[in-house]
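Summary of the model geometry
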Amino acid sequence: MSRYRNKLTYDASTGEIRDDKKYMSMMEDFWLPRREGGRGTEISTLPGGQNLGELTDVEYFQKKLFRSLNVPESRMADNASFSLGRSSEVLRDELKFSKFVGRMRKRFSNLFHDILKTQLILKNVVTPEEWEQMSDHIQYDFLYDNHFAELKEAELMNERLGLVATADPYIGKYYSVDYIRRKILRQTDQEIVDENVLMTAEKEAGIIPPTEQELMVAQDILGQEQQTNKQNLGKTQTEGDKESINTKNTDNPESPGTPDLKGGEI
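Described below are features of the structure shown in this document. Predicted, not measured: the structure shown is a model, and the values here were computed from it.

Comments concerning the overall build of the protein chain
- Broken down by element type, the protein chain carries nine helices and two strands.
- Here the protein chain holds 266 residues, and 10% of them are scored as buried.
- Taking as baseline every contact in the protein chain between residues at least 6 positions apart, the subset at least 24 positions apart corresponds to 29%.
- Here the protein chain has roughly 24,300 Å² of accessible surface; of this, 53% comes from carbon and sulfur atoms.

A look at a negative patch on the surface
- A contiguous patch of negative charge on the surface is contributed by Glu-129, Glu-130, Glu-132 and Asp-136.
- Summarising the element assignment, Glu-132 is placed in helix 4 (residues 128-134).

A few points about the pattern of salt bridges
- This structure, assessed with the given rule, holds two salt bridges.
- With a shortest N-O distance of 2.2 Å, Asp-189 and Arg-182 are connected by a salt bridge.

Structural notes on a positive patch on the surface
- On the surface, Arg-92, Lys-96, Lys-99, Arg-103 and Arg-107 cluster together to form a positively charged patch.
- Residue position: Lys-99 is located in helix 3 (residues 92-122).

Focus on the side chain of Arg-181
- Mapped onto the fold, Arg-181 is located in helix 6 (residues 177-184).
- Buried and without a salt bridge, Arg-181 has Glu-195 as its closest oppositely charged side chain, separated by 5.8 Å.
- Ignoring sequence-local partners within four residues, the contact set of Arg-181 consists of Arg-186, Gln-187, Ile-192, Glu-195, Asn-196 and Met-199.

As for unusual backbone geometry
- Although it is not a glycine, Asn-124 adopts a positive phi angle of roughly 60°.
- Take Asn-124: it is sitting in the loop between helix 3 and helix 4.
- Overall, Asn-124 belongs to the exposed group, its relative accessible area being 68%.
- Although it is not a glycine, Arg-186 adopts a positive phi angle of roughly 60°.

Focus on the packing of helix 6 against helix 7 (residues 189-205)
- Packing of helix 6 against helix 7 leaves a shortest axis separation of 11 Å and a crossing angle of 125°. Put simply, helix 6 runs oblique to helix 7. Judged by the twist between their axes, the crossing of helix 6 over helix 7 is right-handed. On helix 7, the residues touching Asp-178, Arg-181 and Arg-182 of helix 6 are Asp-189, Ile-192, Glu-195, Asn-196 and Met-199.
- Partitioned by chemical class, the residues of the contact of helix 6 with helix 7 number two nonpolar, one polar and five charged.

Structural notes on a nonpolar patch on the surface
- A cluster of nonpolar residues, Phe-108, Leu-111, Phe-112, Ile-115 and Phe-142, forms a patch on the protein surface that exposes about 440 Å² of accessible area.
- As for its position among the elements, Ile-115 is in helix 3.

Quick look at helix 1 (residues 56-69)
- For helix 1, built from 14 residues, the straight-helix expectation of 20 Å at 1.5 Å per residue is met to within 8% by its first-to-last C-alpha distance of 20 Å.
- Looking one or two places after helix 1, you find Asn-70, whose phi comes out positive at around 60°.

Comments concerning the packing of aromatic side chains
- All told, the structure shown has five aromatic pairs when counted by the stated rule.
- The interplanar angle of 40° and the centroid separation of 6.0 Å between the aromatic rings of Phe-108 and Phe-112 together place this pair among those described as tilted. Of this pair, Phe-108 and Phe-112 both sit in helix 3, separated by four residues, roughly a single helical turn.
- We classify Phe-108 as partly exposed; its relative accessible area is 40%.
- Aromatic rings pair up to connect Phe-108, Phe-112 and Tyr-140 into one cluster.

As for the side chain of Ser-109
- With respect to the element layout, Ser-109 can be found in helix 3.
- Overall, the relative accessible area of 16% leaves Ser-109 in the buried class.
- From its side chain, Ser-109 meets the backbone oxygen of Arg-105 in a polar contact 2.7 Å long.
- Ignoring sequence-local partners within four residues, the contact set of Ser-109 consists of Tyr-140 and Phe-142.

Each value, and the rule that gives it
Residues numbered from 1 in each chain as written. Predicted model: local features only at pLDDT ≥ 70, side-chain atom pairs only at ≥ 80, totals over all residues. Heavy atoms only, no water. Helix = DSSP H or I, 4+ residues; strand = E, 2+ residues; numbered from the N terminus. Buried < 20%, exposed > 50% of the residue type's maximum accessible area, 1.4 Å probe, protein only. Contact = heavy atoms within 4.5 Å. Areas by Shrake-Rupley, 256 points an atom, 1.4 Å probe, with all protein chains shown as cover. Patch = residues over 30% accessible without salt bridge, like charges linked within 9 Å, V, L, I, M, F, W, Y side chains within 5 Å. Salt bridge = Lys/Arg side-chain N within 4 Å of Asp/Glu carboxyl O. Lys, Arg positive; Asp, Glu negative; His and termini not counted. Charge placed at Lys NZ, Arg CZ, Asp CG, Glu CD. Axes fitted to C-alpha atoms, helices over the stretch in contact; angles between N-to-C directions. Parallel < 35°, antiparallel > 145°, perpendicular 65-115°, else oblique. Left-handed = near helix turned anticlockwise from the far one by under 90°. Nonpolar A, V, L, I, M, F, W, Y, C, P; charged D, E, K, R; others polar. Expected span 1.5 Å × (residues − 1). Phe/Tyr/Trp six-rings, centres within 6.5 Å; stacked < 30°, edge-to-face > 60°. Polar contact = N/O pair within 3.5 Å; in protein donor to acceptor, adjacent residues only side chain to side chain.

Honestly, that's just the spatial picture; any functional story needs more than this.
This is how it looks when you write it as structure tokens:
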């Protein structure tokens, strides 16, 4: 490392100005004039090896690099701890990073689609016409490792179930079951049909226990049947019952024990 001093020289005979540079080594000494008793220009020697442990400048460029990559700075900190809490505590950088990853996946999906098309057509696996027919049915599934989306979905489901528990006393009075399933639980028509089929099958298999209302209805029906059987058990055969039996025997002459006009049996 060296220092240089510019020296402009004017040649009066030719009128030219020359730039003569005299390089000076940093090991040279400098003498500056200074009056006695006055303060002039001072030159102090700096100690060597200072500020070697400070990384402020390096950290500045590191943060700029992470921001350009859309990587959350909290993930790169040495003393940062990863805690799975409520989704409301998720940092804005994490949400921004998850959206960035989703955009990159869409771009790579188009790239993979183009590569797959070129590979299959050049290998004579499919024709261009066949590819046009099957290209719409090809999709790419990426590993989704963002836990914050699961936390958000779980909290939404928890809030919906809380609303259902609050509205349960008003079902049949102000709201219908269909309204609860569509507006609060956000179930589609196909989901409602599928859930009804599954619940019926699981009830028949005994997986889902009957509700209190169903048990009360079943007990009422069983009690009515038992009461009817007790009433029929204590009754004697009336004349009307005998006439009905004789009428049945007359209508069916082939039945055994049917009396004949001559006094015999057929």
